[in-house]
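# A structural walkthrough
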Amino acid sequence: MSYGVDTVCIHGNGKRKNVDNTGSISFPIYQTAAYAHPGVGQSTGYDYTRVQNPTREEVERIMADLEHGTDAIAFSCGMAAVSAFMELLHPGDHIVATDDLYGGTIRQFRLINEKNGIKVTYVDTSDLEQVKAALQENTKLIYVETPTNPMMQVTDITEISKIAKEKGCLLAVDNTFLTPYFQNPLDLGADVVVHSATKYLEGHNDTLGGFLVTNREDISEGIRNVLKTTGAGLAPFDSWLVLRGIKTLSVRMEKHQANALAIAQWLQNQPKVKEVRYIGLENHPGREIIQKQSRGYGGMLTFRVDSKETVYRILEHVKVVQFAESLGGTESLITYPMTQTHADVPEEKRKAKGIDETLLRMSVGIEDVHDLIADLEQAMNA
Ligand SMILES: *Cc1c(COP(=O)(O)O)cnc(C)c1O
């Protein structure tokens, strides 16, 4: 059975487990660490919450269905998911990764993977030749983010998956920006999908969460063993918040997208704005690939203004939009990548990517778009 994505957000692809016979519409929060055994050598299927909890299991079911995977594993945040995934690699292994990657993932690669003897080569994965050239004998994983943060580069997932299959290595795609509402990397040949559920999935800027989704049994088993061992699973109440958030994913994503498109178009006509990067704009270089592999464009955009002074003016005068890190929630947030999300990226690399003092990133929320535009306009000209 396969429902439309809006239905899957609410019900998954089948009936939920009847855990308590009350018929409660909202799934119960199982705030328990352990479970009593019915008898010696018997289990209810739940023994200890580090391993599994009914509320976490329910959000995992919805997420696996949304990403067309056979298993989704819920973590305490996106970075916990990424770091658990890295435990499947071994000293001597090599990763090829998108160069314009989420800052936290770069930190994981630099601080932890390198210490563990896992090397990473960063390339512009929107250029397939660069990916092929970076492969080494010991390459075990290609790690892609598309579109990227903050430069909105688009990578052709299907083409990269062919390269990975030929090489015999895994392909992982961080799908945080587009969410399964707009893009399903497993259908395009990826082996693992990474999510920060803190962003659009939960959607209200009020809890952290993360997922790894896969359609490979060996990977799912490996990840579940890591989770059981290191224990960064999503807590019961947070599982419930993510579960509740996902119910409205479809309506929120449509509104985020409509607002983002209107703001991107308005920004393009502002004299102080020098460049607008939004994958929904016709002039985006990745447009063709996006239209082939995604069903929409999401709510993230990046723009460049004429000076650092304009940046400061905007950040200090916005009233509806808030100057904050993070993204994907109901509230519009504006970020200064140079000093916030990408502060840890070496200056030379950062500048080479165009992440400089005039670049701003906006996570467009679901407020009235006229209020958002009026707010940006008064801040820009304050
Ligand atoms: C936020 C984010 C992460 C990390 O997730 P947390 O929930 O903050 O740990 C990973 N990838 C992307 C693209 C993100 O935006």
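Whatever comes next refers back to the structure up there.
Here we summarise the structure given alongside this text. (Residues numbered from 1 in each chain as written. Predicted model: local features only at pLDDT ≥ 70, side-chain atom pairs only at ≥ 80, totals over all residues. Heavy atoms only, no water.)

## What to know about the packing of helix H10 (residues 249-268) against helix H14 (residues 369-380)
Spelled out, the test is: Helix axes are fitted only over the stretch in contact, all axes being lines through C-alpha atoms; the angle between N-to-C directions runs from 0 to 180 degrees. Secondary structure elements follow DSSP: runs of H or I no shorter than four residues count as helices, runs of E no shorter than two count as strands, and numbering proceeds from the N terminus. The sense of a crossing depends on the near helix, which, turned anticlockwise from the far helix by less than a right angle, makes the crossing left-handed and, turned clockwise, makes it right-handed. In this description, contact between two residues means that some pair of their heavy atoms is separated by no more than 4.5 Å.
It is the contact of H10 with H14, at a shortest axis distance of 10 Å, that shows an interaxial angle of 35 degrees. Where H10 crosses over H14, the handedness of that crossing is right-handed. Of the residues in H14, those touching H10 at Asn259, Ala262, Ile263, Trp266 and Leu267 are Val369, Leu372, Ile373, Leu376, Glu377 and Met380.

## Topic: the layout of surface pockets
Using the following cut-off: For each structure, a 1 Å grid was placed over the protein atoms alone; sets of points admitting a 1.4 Å probe that cannot get out are labelled cavities, open sets with protein on both sides within 12 Å along at least five of seven lines are labelled pockets, and lining residues have an atom within 4 Å of a point. Grid points are joined across faces, edges and corners, and a volume is the space filled by probe spheres set on the points. Note that Gly is not counted as nonpolar here; it falls among the polar residues with everything else outside the nonpolar set of Ala, Val, Leu, Ile, Met, Phe, Trp, Tyr, Cys and Pro and the charged set of Asp, Glu, Lys and Arg.
When its volume is computed, the largest pocket comes out at roughly 400 Å³. For the lining of the largest pocket, the elements supplying multiple residues, two or more each, are helix H1 (5-11), helix H2 (54-66) and helix H9 (236-247). Class assignment of the residues belonging to the lining of the largest pocket gives a composition of 4 nonpolar, 7 polar and 6 charged. In this structure, the second largest pocket encloses a volume near 280 Å³. Along the wall of the second largest pocket there are 22 residues; nearest its centre are Gly78, Tyr102, Ser196, Thr198 and Lys199. Going through the elements one at a time, helix H3 (78-86) and strand S6 (192-196) are the ones with two or more residues in the lining of the second largest pocket. Taken together, the residues of the lining of the second largest pocket break down into 8 nonpolar, 10 polar and 4 charged.

## Concerning helix H4 (residues 103-113)
Filter applied, for reference: Burial here depends on accessible area, computed with a 1.4 Å probe over protein chains only, as a share of the maximum for the residue type. Under 20% is buried, over 50% is exposed, and the range in between is partly exposed.
Within the span of H4, buried status applies to Gly103, Gly104, Thr105, Ile106, Gln108, Phe109 and Asn113. Buried residues in H4 make contact with H3, strand S2 (94-98), strand S3 (119-123) and strand S4 (139-145).

## Some points on the site of the ligand
Heads up, the rule is: Throughout, near means a residue has at least one heavy atom within 4 Å of the molecule or strand. As used in this structure description, the phrase polar contact means that two N or O atoms lie within 3.5 Å; if the pair is within protein, one of them must be able to donate a hydrogen and the other to accept it, and residues adjacent in sequence are counted only when both atoms belong to side chains. Note that accessible areas follow from Shrake-Rupley with a 1.4 Å probe, and for residues the cover is restricted to the protein chains shown. The way we define it, a molecule is inside a pocket or cavity when more than half of its atoms are within 2 Å of that pocket's grid points.
Within the structure, the ligand sits among Cys77, Gly78, Met79, Tyr102, Glu145, Asp174, Thr176, Ser196, Thr198, Lys199, Gly209 and Leu327. Gly78 is positioned with one of its backbone polar atoms (N or O) 2.9 Å from an oxygen atom of the ligand. Between an oxygen atom of the ligand and a main-chain N or O atom of Met79, the distance comes to 2.8 Å. Relative to its free-state accessible area of 380 Å², the ligand is covered by the protein chains to the extent of 93%. At a threshold of 2 Å from the grid points, most atoms of the ligand map onto the second largest pocket.

## With respect to the nonpolar core
Side chains of nonpolar character tend, in soluble globular proteins, to be buried together. To keep it simple, the criterion reads: The set of buried Ala, Val, Leu, Ile, Met, Phe, Trp, Tyr and Cys residues whose side-chain atoms join them within 4.5 Å is what this entry labels a nonpolar core. Source of the domain bounds: an automatic or database domain assignment.
Counting 33 residues, the largest nonpolar core has Met63, Phe211 and Ile246 as the members making the most contacts within it. Counting only elements with at least two residues in this core, the list comes to H1, H2, strand S1 (71-75), helix H7 (179-182), strand S7 (210-214), H9 and H10. When residues in this core are grouped by element, the largest group, 5 residues, is from H2. Each of two domains, domain 1 (5-246) and domain 2 (249-380), supplies a minimum of three residues to this core. Residues in contact with Ile246, not counting those within four places in the same chain, are Cys9, Val59, Ile62, Met63, Leu66, Leu201 and Arg252. By size, the runner-up hydrophobic cluster in this structure holds 29 residues, among which are Ile73, Val120, Val194 and Val226.

## As for the packing of aromatic side chains
Going by this rule: Geometry of aromatic contacts follows a simple scheme: Phe, Tyr and Trp rings, the Trp one being its six-membered ring, pair when their centres are within 6.5 Å, and the pair is stacked under 30 degrees between planes, edge-to-face over 60, tilted otherwise.
A complete count under the given rule lists 6 aromatic pairs for this structure. Pairing Tyr35 with Tyr46 gives two aromatic rings, centres 5.5 Å apart and planes at 35 degrees, and the pair type is tilted. Residue Tyr35 is found in the loop between H1 and H2, and its partner Tyr46 is found in the loop between H1 and H2; the two are separated by 11 residues along the sequence. For the pair shown, Tyr35 and Tyr46 are each scored as buried. Taking 6.5 Å as the distance between ring centres and 35 degrees as the angle between the ring planes, the aromatic pair formed by Phe109 and Tyr122 counts as tilted. Pair noted here: Phe109 is in helix H4 and Tyr122 is in strand S3, with a separation of 13 residues, a long-range link. Judged by its relative accessible area of 0%, Phe109 is buried. Taken together, Phe109, Tyr122 and Tyr143 form an aromatic cluster joined through their ring pairs.

None of the figures reported here should be taken as evidence of function without further support.
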